[in-house]
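Listed below are the residues making up each chain.
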Amino acid sequence: MTITIYHNPSCGTSRNTLAMIRASGEEPEIIEYLETPPTRDRLFELLHAMGMSARELLRKNVPPYHDLKLDAATATEDQLVDLMALHPLLINRPIVVTPLGVRLCRPSEAVLDILPNPAIGTFTKEDGEVVVGISRSGKA
């Protein structure tokens, strides 16, 4: 089974998501998207699979967002995707792709909805919050 995570190792949410994937028994393909950004076409595929607009995927608290004046609602979907491909820091993360779906995993436990084995037991996130993985039958 192939699971892919578009990962930023400097991000706690991304690290927690990766740890939950591993706790489920899977070793994902890790794409450090700041070093290897997704192509424009791949971004469109991911957005479509998540049912999101480019604006919904934008990170708003980073310099390129402000420098490019992206808070003005004038940029088109195509323009936003082009800018995310050019400035991958604008892409919110982590994005996880599994055979069960594609999801922006914010919060990190959102990954449990698309893992083949979400029964990860009790997991403690970096901030101390405890998450309990649930099996497909609904039991902890």
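The preceding data block contains the structure.
As the structure is a computational prediction, the values presented were derived from the model and not from experiment.

Novice: I tried to follow the pairing of strand E3 (residues 95-98) on my own but got confused; where do I start?
Specialist: Residues in a regular strand project their side chains so that they alternate between the two faces of the sheet. Every second residue of E3 is oriented toward a common face, with Ile 95 and Val 97 on one face and Val 96 and Thr 98 on the other, all of them buried. In the sheet, strand E1 (residues 4-7) pairs with E3 via 3 bridges, with the strands oriented antiparallel. Bridging from a neighbouring strand, Thr 4 pairs with Val 97 of E3. Bridge count for E3 against strand E4 (residues 101-104) is 4 bridges, and the pairing is antiparallel. Bridged to Val 97 within E4 is Val 102. Taken together, E3 and the strand that follows it, E4, pair antiparallel across an intervening segment of 2 residues.

Novice: Would you mind showing me how to read the pattern of salt bridges here?
Specialist: Think of it this way: side chains of opposite charge can pair up when their charged atoms draw near. Under the defined criterion, the tally for this structure stands at 8 salt bridges. Note that Arg 15 and Glu 126 form a salt bridge whose closest N and O atoms lie 2.6 Å from each other. With a gap of 111 residues between them, Arg 15 in helix H1 (residues 12-23) and Glu 126 in the loop between strand E5 (122-124) and strand E6 (130-132) connect regions that are remote in the sequence. You can call Glu 126 partly exposed: its relative accessible area is 48%. The residue Glu 109 makes a salt bridge to Lys 125 at a minimum N-O spacing of 2.8 Å.

Novice: Mind showing me how you'd approach the side chain of Asn 8 here?
Specialist: With respect to the helices and strands, Asn 8 occurs in the loop between E1 and H1. Among the polar contacts made by the side chain of Asn 8, one reaches the main-chain amide nitrogen of Ser 10 at a distance of 2.9 Å. Among all residues touching Asn 8, those that are not within four sequence positions of it are Ser 14, Tyr 33, Leu 34 and Arg 93.

Basis of the calculations
Residues numbered from 1 in each chain as written. Predicted model: local features only at pLDDT ≥ 70, side-chain atom pairs only at ≥ 80, totals over all residues. Heavy atoms only, no water. Buried < 20%, exposed > 50% of the residue type's maximum accessible area, 1.4 Å probe, protein only. Helix = DSSP H or I, 4+ residues; strand = E, 2+ residues; numbered from the N terminus. Pairing = 2+ DSSP bridges. Salt bridge = Lys/Arg side-chain N within 4 Å of Asp/Glu carboxyl O. Polar contact = N/O pair within 3.5 Å; in protein donor to acceptor, adjacent residues only side chain to side chain. Contact = heavy atoms within 4.5 Å.

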